[in-house]
Amino acid sequence: MKLGIFVGALMGATVMTSVAMAQEKCSVGVSMYTLDAPYFAAQEAAARQAAEDAGCAVRTADGQNDMVKQIGDIEDMIAAGVNVLIVNPRDPLGLVPAVNAATAEGVKVVAMDSMLDTSANFITNVSASNAENGKLVGQWLATATGGKPLKIALISGQKGNLVGEARRSGVLSGLMEAELTNYGHADISVVGQGWGSWSTDGGLTAMEDLLTAHPDINVVLGENDSMVIGAREALKAAGRLDGVLLVAAADGQKEAYQMIEKGEYGATGLNDPAALAKMAVDIGVKALNGEEQDLGKYTFTDPAAVTKDNVDKYYKPDSVF
C-alpha cells in the first residue's frame, strides 16, 4: 500500500472511530412523571425513537405519578452517566433540585410538556402553546354555540398542575373575548370542576359526579382528550350525549380525531406528543454537541384548533397516540 493511501485510510478510520465514540458517549435519559395515559406513552416512545435515531443510548423511567419516585429516577440516570436528560416533570417546583443537580453534573436538561419552574437551571421547556391553543379552541366554541347560554363542566388533570391551569385559562379567556366580540355579551357558567388525572377512566368518573350535581350541562371542557373521551362514555351511559358539546383544550388524540371527523366531538387543541418529544431530544443532543441555539426558557410548537373543517390535515390513522 502506498504511504498516501495508508495515511488517508488511517485518517478515515480515525474519523469513523471518533464519530462512533461520540455516538457512544451520547446517553439520553427520559424521565416521565407518568405513563398512565396514551399521550404520555406516545411521548415516551417518540423520545426513545428520536434518541436512538440520533445514535444515542437511551434510558427511560416511569415516575408513576409520584414526585419522590421521579426524583429517584433522575438521580439514578445521573449515576448511570446520562448526559442528556429529557424530563416531563410531576411538579414544577419539586423537581427543581433534581434538575439543578443534573445540570451541575454537566447534563444537558430539557423539560418537555409539563412546566418546570423557571428558577431551575435547564435549557428550555418544549411544549405546545397552551394559551394560544386554548384561545383558538375558545374562539371556535363561541362561534359554534352562537351566543347561547353555556353551562360548562370543566374536567381538569391535577390540582396545582401549571399546564392544566394554562389550558383551561386559555380556552375560557378565548371564549369570553370571542363572545363579547361576536355578540356583545357572554352568558358563561362553569357549573363544576372535576379532577380526572389526565386519564380516560378519570374523566369518566369525574363526569359521572358532575352529571349528578349538574344535570343541565351543555358543554364539557377537558384539559386533554383522554378525559373528554372518558366523559363522553359517562354521558352516553346516562343517555345525555344529545345537546352536549365536547371540547378539549389540547392533545389531538387519534380517537378524538376520529370522533371529530364524525361530528361527535367539537374541537381539540393541537399538541402532538411525537413532535414535542422529537424537538426536545433534538435540542438536548445539539446542546451536547456544542451547537449554538437561540432559545428562551419556553419553546413552543405551532398552535391550532382541530375541528371537522381541518381534522384531515392532522389525523394519522397509524399514529401511536
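All of the points below concern the structure found in this document. (Residues numbered from 1 in each chain as written. Predicted model: local features only at pLDDT ≥ 70, side-chain atom pairs only at ≥ 80, totals over all residues. Heavy atoms only, no water.)

This paragraph deals with the overall build of the protein chain. Looking only at helices and strands, the protein chain features 11 helices and 12 strands. Looking at the protein chain residue by residue over its 321 residues, the buried ones come to 48%. Across the protein chain, contacts joining residues at least 24 apart in sequence account for 73% of those joining residues at least 6 apart. Here the protein chain displays about 14300 Å² of accessible surface, and carbon together with sulfur accounts for 53% of that area. Computing the positive centroid from 24 side-chain charges and the negative centroid from 40, the protein chain places the two 3 Å apart. (Helix = DSSP H or I, 4+ residues; strand = E, 2+ residues; numbered from the N terminus. Buried < 20%, exposed > 50% of the residue type's maximum accessible area, 1.4 Å probe, protein only. Contact = heavy atoms within 4.5 Å. Areas by Shrake-Rupley, 256 points an atom, 1.4 Å probe, with all protein chains shown as cover. Lys, Arg positive; Asp, Glu negative; His and termini not counted. Charge placed at Lys NZ, Arg CZ, Asp CG, Glu CD.)

Here the focus is the pattern of salt bridges. Pairs may arise between side chains of opposite charge once their charged atoms sit close together. Tallied over the entire structure, the rule returns 7 salt bridges. We note a salt bridge from Asp-251 to Arg-167, for which the minimum N-O separation is 3.6 Å. Of this pair, Asp-251 sits in strand S9 (residues 245-251) while Arg-167 sits in helix H6 (residues 162-183), placing them 84 residues apart in sequence. Here Asp-251 and Arg-167 have matching classes, each one buried. A salt bridge links Glu-223 to Arg-168; its shortest N-O distance comes to 2.7 Å. You can see Glu-223 sitting in the loop between strand S8 (219-222) and helix H8 (225-237) and its partner Arg-168 sitting in helix H6, a full 55 residues away along the chain. (Salt bridge = Lys/Arg side-chain N within 4 Å of Asp/Glu carboxyl O.)

Right, let's get into the sheet that holds strand S4 (residues 108-112). In space, the 6 strands of this open sheet follow the order S2-S1-S3-S4-S5-S11, with parallel pairing throughout. Because the sheet does not close on itself, it has two edges, and the strands there are strand S2 (57-62) and strand S11 (298-301). In this sheet, adjacent strand axes meet at a mean angle of 20° when their direction is disregarded. Two elements, strand S1 (residues 27-32) and strand S3 (residues 84-88), share 5 bridges in a ladder whose sense is parallel. Residue pairing for S3: Gly-29 is matched across the bridge by Leu-85. (Pairing = 2+ DSSP bridges. Axes fitted to C-alpha atoms, helices over the stretch in contact; angles between N-to-C directions.)

On to the pairing of S11. Within a regular beta strand, the side chains point alternately toward one face of the sheet and then the other, so they alternate between its two faces. By the alternation rule, side chains of S11 split into Thr-299 and Thr-301, which are all buried, and Tyr-298 and Phe-300, of which none is buried. Summarising the sheet, strand S5 (residues 125-128) and S11 pair through 4 bridges and their orientation is parallel. When the bridges of S11 are listed, Asn-125 appears paired with Tyr-298.

Ranked by size, the top nonpolar core spans 55 residues in total, and within it Val-28, Ile-86, Ile-155, Met-207, Val-220, Tyr-257 and Tyr-265 carry the most contacts. Per-element accounting of this core gives the leading share, 7 residues, to helix H2 (residues 38-53). Each residue touching Val-220, except ones within four places of it in the same chain, is listed here: Ala-153, Ile-155, Met-207, Ala-231, Leu-235, Val-244, Leu-245, Leu-246 and Val-247. By size, the runner-up hydrophobic cluster in this structure holds 17 residues, among which are Val-82, Ala-102, Val-109 and Phe-122. (Core = buried A, V, L, I, M, F, W, Y, C linked by side-chain atoms within 4.5 Å.)

Looking now at the sheet that holds S9. Taking strand neighbours across the sheet as the criterion, the 6 strands line up as S7-S6-S8-S9-S10-S12 in an open arrangement whose pairing is mixed. In this open sheet, the two edge strands, each paired with only one partner strand, are strand S7 (188-195) and strand S12 (305-306). Bridge count between strand S6 (residues 150-156) and S8: 4 bridges; the pairing is parallel. Considered in S8, the bridge of Ile-155 is made with Gly-222. Where helix H5 (residues 130-145) meets the sheet, its contacts fall on S6, S8, S9, strand S10 (267-270) and S12, and the angle it forms with S9 comes to roughly 165°. Along the sheet, helix H9 (residues 254-262) makes contact with S10 and S12, crossing S10 at roughly 135°.

A word on the environment of Ser-127. Looking at the element boundaries, Ser-127 is found in strand S5. Residue classification places Ser-127 among the buried positions, given a relative accessible area of 1%. In this structure, the C-alpha to C-alpha distance between Ser-127 and Val-110, residues 17 residues apart in sequence, is 11 Å. When neighbours within four sequence positions are excluded, Ser-127 is seen to be in contact with Asp-113, Met-115, Leu-276, Thr-299, Phe-300 and Thr-301.

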